[in-house]
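Close look at the chain arrangement
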Amino acid sequence: MIEHRKGISIAVLLIMAPPLVTLIATAHQMIGTGGDGLIRAKAVTASAPTATQAPATAPAASGAPGATPTATPGATPGTAPAPTAAAAPPKPPAPVPGRSALDFSASRPAWETFLHDADPAAGKQLAANGKPAAGVQACVACHGQAGITPSGGIFPNLAGLSSEYLAKQLADFRSGARVQPLMNTVARALSEQEIGQVAAYYGTLAGPPMHVGEFGGDAARKLDVQGDGARALPACANCHGLRGMGEGPLIPRLAGQSREYFTDQMNAFRNGSRQNDDVGVMRAFSQRLTDAEIQALAAYYAGPAPQQR
Ligand code: HEC
Ligand code: HEC
């Protein structure tokens, strides 16, 4: 009888131990990262490799607690199995958290409310006419008739970008989180409602035809689809979608943006003059690329010059 009881306690102990260990490890880790498990922009820029080093340079360590702050959300206490399972359960397979583009925004952003019930028809009017009374030129003057710039150059296509990404950028230009004099002036002259309207409008337009991969060579293709583990560089496609199509609400399409605009943005991330990538991923990755690689990637995503399409 006593032997029997002892057996039960050992079994209970065995069953309880793994979830308990997970729980304690998770708590420990959450305290260590400030409670929310987010990558902090400062942490990413200060010692560049931390954000992605683990998967790239130490595949064996992936999943080890503490490997990277990004690895934590999967191991929430809620995922531990109920201790009623019959045999001593193996360590619960932490489900890989689906990456949502919202993961790249630090907190509930103000611009979300700009998009509430935003009327794309009003946005179309604004895009075509601007706001002459407030000195705002029509968007079409610089961004093209249907959001595709005829000349490329420093002017990005707005067609093919999501309403969310557009609203975020306009909000960032308005607050000064993203600096570019022309667009800071434009965005500051728009109301929150108007930002929602133009963002809703441009979000409905299809991007330019795809020519990704026709230029730029194998080096660029490799960076897009594979990245470079030695430099802890994830594939661009991991976030920006296949062939730069964009992914989710907040990761922009790269396909069809001009070489000049692309290069400007990469250099701006690299030298810190563009800092509105909330968790600093683009600032970190752009620093690991050479000038020649940025040029090759620019050609890779841009395709032929607009005049030659
Ligand atoms: C005088 C020219 C000009 C006008 C007018 C203008 N823009 Fe821009 N816009 C630019 C330039 C130049 C950039 C690139 C900024 C940079 O390099 O950071 C830009 C960038 C943007 C971006 C960022 C796109 C991205 O891929 O991140 C958005 C969104 C945008 N403009 C929306 C608008 C809207 C909406 C209007 C009309 C209300 C407008 N712009 C009017 C010149 C203009
Ligand atoms: C971990 C995810 C991630 C990876 C990997 C990544 N990016 Fe980004 N990238 C982003 C996010 C998020 C933004 C939008 C930042 C913002 O909100 O302004 C962005 C923005 C950009 C922009 C600015 C686009 C515009 O319209 O202004 C360029 C250019 C860019 N990325 C190029 C690249 C290239 C090239 C690679 C591969 C070497 C790459 N990215 C890898 C997440 C990523």
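Bear in mind that the values here come from a model prediction, so they are computed numbers and not experimental data.

Observations regarding empty space enclosed by the protein
- Scanning all chains against the criterion turns up two cavities of 30 Å³ or more.
- Looking at the second largest cavity, its volume works out to about 40 Å³.
- Lining the second largest cavity we find Leu126, Gly130, Lys131, Val136, Gln137, Cys139, Val186, Leu190 and Val198.
- Each residue belonging to the lining of the second largest cavity can be placed in one class, and the counts come to six nonpolar, two polar and one charged.

As for the coordination of the iron atom of ligand 2
- For the iron atom of ligand 2, every protein donor is listed as His240 (NE2) and Met282 (SD), and the spread of their distances is 2.0 to 2.2 Å.
- Exposure remark for Met282: the relative accessible area of 17% places this residue in the buried category.

Considering the pattern of salt bridges
- Enumeration over the complete set of coordinates arrives at eight salt bridges.
- Between Arg174 and Glu192 there is a salt bridge, with its nearest N and O atoms 3.9 Å apart. Linking Arg174 in helix α7 (residues 163–175) with Glu192 in helix α9 (residues 192–202), this pair joins segments that are 18 residues apart in sequence.
- Where Arg283 meets Asp277, a salt bridge forms, and the shortest distance between an N and an O atom there is 2.8 Å.
- Owing to a relative accessible area of 9%, Arg283 belongs among the buried residues under this scheme.
- Since its relative accessible area comes to 10%, Asp277 is described here as buried.
- A single salt-bridge network, built from bridges that share partners, covers Lys168, Asp172 and Asp278.

Some words on the packing of aromatic side chains
- Overall, the coordinates contain three aromatic pairs when judged by the stated rule.
- Aromatic pair Phe262 and Tyr301: ring centres 5.7 Å apart, planes at 35°, arrangement tilted. Highlighted residues: Phe262 in helix α12 (residues 259–270) and Tyr301 in helix α14 (residues 291–302), separated in sequence by 39 residues. We note that Phe262, like Tyr301, is buried.
- Each ring, one from Tyr300 and one from Tyr301, has its centre 5.0 Å from the other, and the planes form 85°; the classification is edge-to-face. Comparing Tyr300 with Tyr301 shows no difference in burial state: the two are buried.
- Joined through ring pairs, the aromatic side chains of Phe262, Tyr300 and Tyr301 make up one cluster.
- The residue whose ring lies beneath Arg259 is Phe215, and the NZ or CZ to ring-centre distance is 5.6 Å.

Here we look at the site of ligand 1
- Around ligand 1 sit 24 residues, and of these Cys139, Cys142, His143, Tyr165 and Met183 come closest.
- With respect to ligand 1, the side chain of Tyr261 contributes an N or O atom lying 3.1 Å from an oxygen atom.
- Only α6 (139–143), α7, α8 (181–188) and α12 provide two or more residues apiece to the shell around ligand 1.
- Of all the elements, α7 adds the most residues to the shell around ligand 1, at five residues.
- Per-class residue counts for the shell around ligand 1 are 18 nonpolar, five polar and one charged.

Considerations on the coordination of the iron atom of ligand 1
- Protein ligation of the iron atom of ligand 1 involves His143 (NE2) and Met183 (SD), the donor distances falling in the range 2.0 to 2.2 Å.
- One can describe the donor arrangement at the iron atom of ligand 1 as octahedral, given that its six donor atoms subtend angles of 87 to 178° at the metal. Linking His143 in helix α6 with Met183 in helix α8, this pair joins segments that are 40 residues apart in sequence.
- Under the relative-accessibility criterion, His143 is labelled buried at 9%.

Quick notes on the confidence of the model for the protein
- Mean pLDDT for the protein: 80, with 65% of residues reaching 70 or above.
- Scored below 50 in pLDDT, residues 32–86 makes 63 contacts in the model with residues more than four places away or belonging to other chains.

What about the site of ligand 2?
- The environment of ligand 2 is formed by 25 residues, the closest being Cys236, Cys239, His240, Tyr261 and Met282.
- Here an oxygen atom of ligand 2 and a side-chain polar atom of Tyr165 are 3.2 Å apart.
- Tyr261 has a polar side-chain atom sitting 2.6 Å from an oxygen atom of ligand 2.
- Elements with a minimum of two residues in the shell around ligand 2: α7, α11 (236–240), α12 and α13 (281–286).
- At five residues, α12 tops the list of elements feeding residues into the shell around ligand 2.
- Class assignment of the residues belonging to the shell around ligand 2 gives a composition of 18 nonpolar, four polar and three charged.

The rules behind the values
Numbering of residues begins from 1 in every chain and follows the order in which that chain's sequence is written. The order in which chains are written sets their letters, starting at A; the order in which ligands are written sets their numbers, starting at 1. Residue-level local features of this predicted model are given only where pLDDT is at least 70; pairs of side-chain atoms are given and counted only at 80 or more, and the full residue set underlies all totals for whole chains, interfaces and linings. The basis for the side-chain values is all heavy atoms of the structure; hydrogens and waters are excluded. The rule is simple: put a 1 Å grid over the protein atoms alone, call a set of points where a 1.4 Å probe fits but cannot get out a cavity, call an open set with protein on both sides within 12 Å along at least five of seven lines a pocket, and count a residue as lining if it has an atom within 4 Å of a point. Grid points are joined across faces, edges and corners, and a volume is the space filled by probe spheres set on the points. Three categories are distinguished: nonpolar for Ala, Val, Leu, Ile, Met, Phe, Trp, Tyr, Cys and Pro, charged for Asp, Glu, Lys and Arg, and polar for the others, with Gly belonging to the last. Each metal site lists N, O and S donors within 2.8 Å (3.2 Å for Na, K and Ca). With water left out of the atoms, a site can look as if it is missing ligands. When accessible area is computed with a 1.4 Å probe and restricted to protein chains, residues below 20% of their type maximum are described as buried, those above 50% as exposed, and intermediate ones as partly exposed. Whenever a carboxyl oxygen of Asp or Glu lies within 4 Å of a side-chain nitrogen of Lys or Arg, that contact is scored as a salt bridge. Helix and strand definitions here come from DSSP, where helices need a minimum of 4 consecutive H or I residues and strands a minimum of 2 consecutive E residues; each element is numbered from the N-terminal end. In summary, the pairing rule links any two rings of Phe, Tyr or Trp, Trp by its six-membered ring, whose centres are within 6.5 Å, and it sorts them by plane angle into stacked for under 30 degrees, edge-to-face for over 60 and tilted for everything else. Working rule: Lys NZ or Arg CZ, within 6 Å of ring centre, within 35 degrees of ring normal, means a charge sits over the ring. The nearness test applies per residue and asks whether one of its heavy atoms lies within 4 Å of the molecule or strand. As used in this structure description, the phrase polar contact means that two N or O atoms lie within 3.5 Å; if the pair is within protein, one of them must be able to donate a hydrogen and the other to accept it, and residues adjacent in sequence are counted only when both atoms belong to side chains. A four-donor site is called tetrahedral if each angle lies between 85 and 135 degrees; a four-donor site is square planar, and a six-donor site octahedral, when trans pairs exceed 155 degrees and the remaining angles lie between 65 and 115; all other cases are labelled irregular. On a scale of 0 to 100, pLDDT captures the predictor's confidence in every residue. Here, residues are in contact when the closest pair of their heavy atoms is within 4.5 Å.

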